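# Report on the structure
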Amino acid sequence: MSVFLLFQTDRWKSKESRVFFGAFDSRIKALDYAKYNDLYWYNSKIVVVEVILNQFGEV
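Here is a short report on the structure shown in this document.

Each value, and the rule that gives it
Numbers given to residues run from 1 along each chain, matching the order in which its sequence is written. Residues qualify for local features only when their pLDDT is at least 70, as the model is predicted, and side-chain atom pairs are given and counted only at 80 or more; totals for whole chains, interfaces and linings, by contrast, use all residues. Only hydrogens and water are set aside when side-chain values are computed; all heavy atoms of the structure are taken into account. Helix numbers and strand numbers start at the N terminus; a helix is a DSSP run of H or I with at least 4 residues, a strand a run of E with at least 2. Type-normalised accessible area, obtained with a 1.4 Å probe on protein chains alone, sets the label of each residue: buried when under 20%, exposed when over 50%, and partly exposed for intermediate values. Note on contacts: a residue pair qualifies if any of its non-hydrogen atoms lie within 4.5 Å across the two residues. Aromatic rings from Phe, Tyr and Trp, taking only the six-membered ring of Trp, are treated as a pair when their centres fall within 6.5 Å; an angle between ring planes under 30 degrees marks them as stacked, one over 60 as edge-to-face, and anything in between as tilted. Only Lys NZ and Arg CZ are tested; either one counts as a charge over a ring when it is within 6 Å of the ring centre and within 35 degrees of the ring normal. Think of a salt bridge as a Lys or Arg side-chain nitrogen and an Asp or Glu carboxyl oxygen that are within 4 Å of each other.

## Focus on the overall build of the protein
Secondary structure summary: the protein contains one helix and three strands in total. Reading the protein from its N terminus to its C terminus gives the helix and strand order β-β-α-β. With the C-alpha coordinates aligned to their principal axes, the bounding extent of the protein is approximately 45 × 25 × 10 Å. Relative to its 59 residues, the protein shows a buried fraction of 25%.

The structure is reproduced here in structure tokens:
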């Protein structure tokens, strides 16, 4: 199962500037949320990170 995390960041997409905006079950829903709430600006970017849940492995 995958979860998509939505972040707004600066134009250089640095991890220090990320602001968390939610977790979604699809990438399309995350992008629709960003468009609906006007998270796109000339000096900011949207980052959607896919996280896979319940995946175990040996280290």
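## Some words on the side chain of T9
With respect to the element layout, T9 can be found in strand β1 (residues 2–10). Other than its neighbours up to four places away in sequence, T9 contacts S14, S17, R18, N43, S44, K45 and V47.

## Focus on unusual backbone geometry
With a phi angle near 55 degrees, K13 is a residue other than glycine that sits in the positive phi range. You can see K13 is positioned in the loop between β1 and β2 (19–24). Despite not being glycine, D38 has its phi angle at roughly 55 degrees, a positive value. Secondary-structure assignment places D38 in the loop between α1 (27–36) and β3 (44–52). Overall, D38 belongs to the exposed group, its relative accessible area being 52%.

## Considerations on the packing of aromatic side chains
Summed over all chains, the structure comprises two aromatic pairs. Ring geometry for F24 and Y33: centres 5.3 Å apart, planes at 45 degrees, overall tilted. Under the relative-accessibility criterion, F24 is labelled buried at 17%. The aromatic ring of F7 is capped on one face by R18, whose charged end is 5.2 Å from the ring centroid.

## Looking at the environment of V49
Examined against the element boundaries, V49 turns out to sit in strand β3. Setting aside residues no more than four positions away along its own chain, V49 makes contact with V3, F4, L5, F7 and R18.

## Notes on the pattern of salt bridges
In total, this model carries one salt bridge according to the counting rule given. Among the salt bridges present, the one from K29 reaches D25, with a minimum N-O distance of 3.3 Å.

These values are about where atoms sit, not about what they do.
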